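Notes for the structure review
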Amino acid sequence: MGKIILTGDRPTGRLHVGHYVGSLRRRVELQNSGQFEKVFIMIADAQALTDNIENPEKVRQNIVEVALDYLSCGLDPAKSTLFIQSQIPELCELTFYYMDLVTVSRLQRNPTVKSEIQMRNFEASIPVGFFTYPISQAADITAFKATTVPVGEDQLPMIEQTREIVRKFNSVYDEVLVEPEVLLPENQACMRLPGIDGKAKMSKSLGNCIYLSDTAEEVKKKVMGMYTDPTHIQVSDPGHIEGNTVFTYLDAFCKDEHFERYLPDYSNLDELKAHYQRGGLGDVKVKRFLNSVLDETLEPIRARRKEFEKDIPEVYRILKEGSEKAREVAAQTLSEVKDAMKINYFSDEELIRTQSEKYGK
Ligand code: TRP
C-alpha cells in the first residue's frame, strides 16, 4: 500500500514563517516528491472552535486566509486534497466511537492539552469538546489511513494518542486502521522558531510574528528590530549565538548558496557564526543578510498570493472540491469501521438469518 499524508492547521490567523519552516515547506517538498500516493491537507475549523467558541467569526474569516497561504506556498490542488474539517461529518462519527477506546485520565495526561488548558485559563471550565480534541484528531488522521503526519513537536502527544487508539481498535475489532508515523521538522530552529522578540514561540497575541503575507517592507522592519544578543554592544565585542534570534532564523532559512549572493565574504553559516563569536561583526550586517535570505524565500510566496487573491471564489471552489473528495475517502473508512464493529445491521444478512432462526423461522 502506498504512503499517505494527512496534516493540517487551525484557522485562527494567517500563517507565519514559523508555520513555514515547521511544516509548510516540507509539505510542499513531500507533495512534489512523488513518494506519496495521496496528500490530504486539512483546515481544522472544527478543532479551532473547541477553544474559540466566543470567536466563531475569527475561525470563519481565517479559512480563506489559511487556504491562500497554502496555495501561495505551493500546495497544489492537482496534487494535494485541500479540505475543511467541518465539511466531513464522518469525522464526528469516528470520534464518537473512538471515545470508547480512551479514558478520561489518559486525556488528562496529554502534555499538549495540559499546557493549552493553562494557557487559556480553562482550568475549572474546560469545554468537553476541547478536552477531547486529541480523539477527534485521531479521527482526522485515521479517516484517511494516513501513514505519515508532518507536524511540529507540540503535536507529538496527539500522534501518540492516535497510535494508541489504532492499536486498541484493531485489537478489539479488526485490522482496519493504520498506525501513523510522525515526521518532525528538519532541525531544532525549525522545530520552534522564536518570535522576533526572542520569546519562545511566535504568537499572534504577542505580536511577534512575521507573516507569510507581510510585505517586504514589513518584514525588513521586523528583521531590523529583531532581538539579538543584549551583551553584544560594540561591534568589536564577542557575541553569543545561543538565544540570538537572528541566528536561529538563519539556522532555519539560510543555505550556503545565499552567501554567494548576499554575503560573499563568508562561505557558510558556520564561518559567519565564528566571526560573530570572535567579535568584530555587527548586528546590522547580519540582520541585512537575514533580510535578503527571507526576502528571497518570501517574495515568490507573496507573488503567488497576489494571483490567488484576485479570484477568491476559485479558492472556495478548490476547498469545496477537496472537501467532496476527502468526504468520499472518510466515508469508505467509516464504513469499514462500522463493519468491523458490527454495527452494520441492515447489510448483515447473516445476522438477520440467525435472529430469524432463533424464532424458529
Ligand atoms: N492540532 C493541529 C494544530 O494545532 C491541527 C490538526 C488538526 C492536525 N487535526 C490534525 C494536524 C491532524 C495533523 C493531523 O496545529
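The numbering scheme is per chain: residues are counted from 1 as the chain's sequence reads. Per-residue local features are limited, in this predicted model, to residues with pLDDT of at least 70; the limit for side-chain atom pairs, both in listing and counting, is 80 or more; totals at the level of whole chains, interfaces and linings are taken over all residues. Hydrogens and waters are ignored; side-chain quantities use all the structure's heavy atoms.

1. A few points about the pattern of salt bridges
What counts as a salt bridge is simple: a side-chain nitrogen of Lys or Arg found within 4 Å of a carboxyl oxygen of Asp or Glu. Summed over the entire model, instances satisfying the criterion amount to 30 salt bridges. With its nearest N and O atoms 3.1 Å apart, the salt bridge here joins arginine 327 to glutamate 90. Highlighted residues: arginine 327 in helix 16 (residues 312-340) and glutamate 90 in helix 4 (residues 90-98), separated in sequence by 237 residues. Residue burial is assigned from relative accessible area. The probe radius is 1.4 Å, only protein chains are included, and a residue is buried under 20% of its type maximum, exposed over 50%, and partly exposed in between. With relative accessibility at 38%, the residue arginine 327 sits in the partly exposed group. A relative accessible area of 10% means that glutamate 90 is categorised as buried. Through salt bridges that share partners, Glu65, Asp69, Arg305 and Glu309 make up one connected network. For helices the rule is a DSSP run of H or I covering at least 4 residues; for strands it is a run of E covering at least 2, with both sets numbered from the N terminus onward.

2. Remarks on unusual backbone geometry
Excluding glycine, residues mostly carry a negative phi; peptide bonds, for their part, are mostly trans. Even without glycine at this site, lysine 145 takes up a positive phi of about 50 degrees. Of note, lysine 145 is situated in the loop between helix 8 (133-143) and strand 4 (148-150). Look at lysine 342: it is not a glycine, yet its phi comes out positive at around 60 degrees. Among the secondary structure elements, lysine 342 is positioned in the loop between helix 16 and helix 17 (349-358). What makes lysine 342 exposed here is its relative accessible area of 57%.

3. Some points on the nonpolar core
Residues Ile210, Tyr249, Phe253 and Leu272 are the most contacted members of the largest nonpolar core, which totals 60 residues. Per element, the largest residue contribution to this core is eight residues, and it comes from helix 3 (residues 56-73). Residues lining this core come from more than one domain, with at least three contributed by each of domain 1 (4-192 + 312-353) and domain 2 (216-308). We call two residues in contact when some of their heavy atoms are within 4.5 Å. Look past the residues within four positions of leucine 272 in its chain and what remains in contact with it is Phe247, Leu250, Phe259, Leu263, Tyr266, Leu281, Val286 and Phe289. Among the nonpolar cores identified, the runner-up in size contains 35 residues, and Phe83, Ala143, Val166 and Met341 belong to it. By nonpolar core we mean a set of buried residues, namely Ala, Val, Leu, Ile, Met, Phe, Trp, Tyr and Cys, connected to one another through side-chain atoms within 4.5 Å. Domain delimitation in this document rests on an assignment produced automatically or drawn from a domain database.

4. A few points about the domain arrangement of the chain
Its domain assignment divides the chain into domain 1 (4-192 + 312-353) and domain 2 (216-308). Once you take the C-alpha centre of each, domain 1 and domain 2 turn out to be 35 Å apart. The interface of domain 1 with domain 2 comprises 17 residues on the first partner and 11 residues on the second. In this assembly, domain 1 packs against domain 2 so that about 1,200 Å² is buried in total across both faces, 66% of it on carbon and sulfur atoms. Defined here as a combined quantity, buried area equals the accessible surface (1.4 Å probe) lost by two parts on assembly, summed across both. Ranking the residues of domain 1 by area buried against domain 2 places Val17, Ser72 and Ala189 at the top, with a combined share of 40%. At the junction of domain 1 and domain 2, the tally comes to two salt bridges. The salt bridge partner of glutamate 65 is arginine 305, with a shortest N-O separation of 2.9 Å. Throughout this description, a polar contact denotes any pair of N or O atoms lying within 3.5 Å of each other; where both atoms belong to protein, one of them has to be capable of donating a hydrogen while the other can accept it, and for residues adjacent in sequence the pair is counted only when both atoms sit in side chains. Applying the counting rule to domain 1 against domain 2 returns five residue pairs in polar contact (both at pLDDT 80 or more). At the level of elements, helix 1 (17-33), helix 3, helix 10 (188-191) and helix 16 are the ones that each hand at least two residues to the side of domain 1 that touches domain 2. A total of six residues in the side of domain 1 that touches domain 2 trace back to one element, the largest contributor, which is helix 3.

5. Looking at the state of the cysteines
Chemically, a disulfide is nothing more than a covalent bond linking the sulfur atoms of two cysteines. Here, two cysteine sulfur atoms that lie within 2.5 Å of each other are counted as a disulfide. Under the definition given, this model contains zero disulfides. Not engaged in a disulfide, the cysteine cysteine 209 finds its nearest cysteine sulfur in cysteine 73; these two sulfurs lie 15 Å apart. For cysteine 209, a relative accessible area of 3% gives the class buried. Of all cysteine sulfurs in the structure, the one in cysteine 190 sits closest to cysteine 254, which takes part in no disulfide; the separation is 12 Å. The class for cysteine 254 is buried, based on a relative accessible area of 15%.

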